[in-house]
Amino acid sequence: MDIKQVMVIGAGQMGAGIAQVCAANGFDVYLHDLQEEVTERGKKGIEKRLQKDVKKERISDEDKESILRRIQLSTDLANAENVDIVIEAVVENMEIKKNLFQQLDDRTPSHTILATNTSSLPITEIAAATNRPDQVIGMHFMNPVPIMKLVEVIRGLQTSDETYKSVARMAEKLKKTAVEVNDFPGFVSNRILMPMINEAIFTVYEGVSSAEDIDEVMKLGMNHPMGPLTLADFIGLDTCLYIMETLQDGFGDDKYRPCPLLRKYVKAGWLGKKSGRGFYVYD
């Protein structure tokens, strides 16, 4: 299937980033959210990032305006009647996602692919909420979307080869590298990354070293561009906790037990960069 019209649901950081790269690579995009001010804020963020690219001479003013013209704001799911693929990027909550996919199943054309940007939830379970499980797939972008090249393309139990090939071709058009992944908790990226972050948090919790020094070890000793605790703050400590809980529930293995210090920070509202405080303090 030749994908032309896209709807991205969720105008937050991830959704707006997905909409931006779609529009920048020739797709017409609806950026959808429940409230108009959220969609407007998402588009303003896109415009701000594009203006930075103009200043750095990566794109021209004409390119910027052309990209922005391809993005239409939406608060009405009826707009999904016009699209070839929906990419969902809402909160990591299974019931919310299943309810949304049921609505999309009713509103979208029969050929439309329904993709989720979930970072850890089972694709097969989300697909079971629809009457087209063969057309449901995971499309896990990395943050920040305009910069990071990877997309995990996750096949649910019933995802068809045709659906996978269509999404992989789309990822190529977005100048991303599509990696095929099967439907297991955390997929590949978070199954490996989150236990490392959790272990770094345990290292702080047990008094082995400070957050700053732990990050220095991983940057200078392991050549990581960003230390695990800085990365945790960037991702959001609440998101890290949720993914660790998903891994523990999915595998039933205590090696995925979230560190008590991670739980404590989340309960305190120390969620990382977005709240102004996590393992580091932000202005």
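For clarity, every value in this text was computed on a predicted model and none was experimentally measured.

Let us now look at the overall build of the protein chain. The number of helices and strands found in the protein chain is 11 helices and 8 strands. Relative to the compact-globule value of 19 Å for 283 residues, the protein chain shows a C-alpha radius of gyration of 19 Å, a close match. Along the longest, intermediate and shortest principal axes, the C-alpha atoms of the protein chain span 55 × 45 × 30 Å. Looking at the 283 residues of the protein chain, the share that counts as buried comes to 48%. The contacts in the protein chain between residues at least 6 apart in sequence include a share of 68% that link residues at least 24 apart. Total accessible area on the protein chain stands at roughly 13,900 Å², and carbon and sulfur atoms take up 49% of it. Side-chain charges in the protein chain split into 34 positive and 42 negative, and the spacing between the mean points of these groups amounts to 4 Å.

The subject of this paragraph is the UniProt feature "domain: 3-hydroxyacyl-CoA dehydrogenase NAD binding" (unreviewed entry) in the protein chain. With numbering matched to this structure, UniProt assigns "domain: 3-hydroxyacyl-CoA dehydrogenase NAD binding" (unreviewed entry) to residues 5-183. With 41% helix and 22% strand, the stretch residues 5-183 has end C-alpha atoms that lie 26 Å from each other.

Scanning the entire structure with this criterion turns up 12 salt bridges. Put simply, glutamate 125 and lysine 98 hold a salt bridge, and the shortest N to O gap is 3.6 Å. A residue pair is termed long-range when its members are at least 10 positions apart, and glutamate 125 in helix H5 (residues 123-127) and lysine 98 in helix H4 (residues 94-107) qualify at 27 residues. Judged by relative accessible area, which is 21%, lysine 98 ranks as partly exposed. Between aspartate 238 and lysine 274 there is a salt bridge whose closest N-O contact spans 2.9 Å. Within this pair, whereas aspartate 238 is found in helix H10 (residues 237-251), its partner lysine 274 is found in the segment after helix H11 (260-267), the two being separated by 36 residues in sequence. Judged by its relative accessible area of 26%, aspartate 238 falls in the partly exposed class. Each member of the salt-bridge network shares a partner with another, and the members are Glu88, Glu92 and Lys97.

Roughly 1,500 Å³ of volume is contained in the largest pocket. Lining the largest pocket we find 39 residues, and of these Met14, Asn143, Phe234, Ile235 and Thr239 sit closest to its centre. Those elements that provide at least two residues to the lining of the largest pocket are helix H1 (13-24), strand S6 (136-141), helix H7 (189-205), helix H9 (228-235) and H10. Of the residues forming the lining of the largest pocket, the biggest block, 5 residues, is contributed by H7. Roughly 700 Å³ of volume is contained in the second largest pocket. In terms of lining, the second largest pocket is formed by 25 residues, of which the most central are Gln20, Arg49, Asp53, Pro146 and Ile147. Listed by contribution, the elements that provide at least two residues to the lining of the second largest pocket are H1 and helix H2 (36-55). Top contributing element to the lining of the second largest pocket by residue count: H2, with 6 residues. Class assignment for the residues of the lining of the second largest pocket results in 10 nonpolar, 6 polar and 9 charged.

Within this numbering scheme, the UniProt entry marks Gly10, Ala11, Gly12, Gln13, Met14, Gly15, Asp33, Glu92, Lys97, Ser119, Asn143 and Lys274 as carrying the feature "binding site: NAD(+)" (unreviewed entry). These residues run over 265 residues, and the two farthest C-alpha atoms among them are 23.0 Å apart, placing them at more than one spot. Lining residues of the largest pocket, restricted to the annotated ones just named, are Gly10, Ala11, Gly12, Gln13, Met14, Gly15, Glu92, Lys97, Ser119, Asn143 and Lys274. Along the polypeptide, lysine 97 turns up in helix H4. Ignoring any residue separated from it by four or fewer positions in sequence, one finds lysine 97 in contact with Glu88, Val90, Val91, Glu92, Thr116, Thr118, Leu121 and Ile126. Engagement of the side chain of lysine 97 in a polar contact is seen with the side chain of glutamate 88, the distance being 2.4 Å. Each residue touching lysine 274, except ones within four places of it in the same chain, is listed here: Gly236, Asp238 and Thr239.

Read from one edge to the other, the open sheet built from 8 strands follows the order S3-S2-S1-S4-S5-S6-S7-S8, with strand pairing classed as mixed. A single partner strand is all that each edge strand has here, and the edge strands are strand S3 (71-74) and strand S8 (177-182). Here the average twist between neighbouring strands, direction ignored, is 25 degrees. Looking at chain direction, strand S1 (residues 5-9) and strand S2 (residues 28-32) are connected through 5 bridges and run parallel. What sits directly across from valine 8, in S2, is leucine 31. Helix-sheet contacts for H4 involve S1, strand S4 (85-88), strand S5 (113-116) and S6, and the interaxial angle to S5 is about 165 degrees.

Cut-offs and rules
- Residues numbered from 1 in each chain as written.
- Predicted model: local features only at pLDDT ≥ 70, side-chain atom pairs only at ≥ 80, totals over all residues.
- Heavy atoms only, no water.
- Helix = DSSP H or I, 4+ residues; strand = E, 2+ residues; numbered from the N terminus.
- Rg over C-alpha atoms; globule rule 2.2 N^0.38 Å.
- Buried < 20%, exposed > 50% of the residue type's maximum accessible area, 1.4 Å probe, protein only.
- Contact = heavy atoms within 4.5 Å.
- Areas by Shrake-Rupley, 256 points an atom, 1.4 Å probe, with all protein chains shown as cover.
- Lys, Arg positive; Asp, Glu negative; His and termini not counted.
- Charge placed at Lys NZ, Arg CZ, Asp CG, Glu CD.
- UniProt positions renumbered as here; feature names shortened; annotations may be inferred.
- Salt bridge = Lys/Arg side-chain N within 4 Å of Asp/Glu carboxyl O.
- 1 Å grid on protein atoms, 1.4 Å probe; cavity = no way out; pocket = protein on both sides within 12 Å on 5 of 7 lines; lining within 4 Å.
- Points joined across faces, edges and corners; volume = space filled by probe spheres on them.
- Nonpolar A, V, L, I, M, F, W, Y, C, P; charged D, E, K, R; others polar.
- Polar contact = N/O pair within 3.5 Å; in protein donor to acceptor, adjacent residues only side chain to side chain.
- Pairing = 2+ DSSP bridges.
- Axes fitted to C-alpha atoms, helices over the stretch in contact; angles between N-to-C directions.

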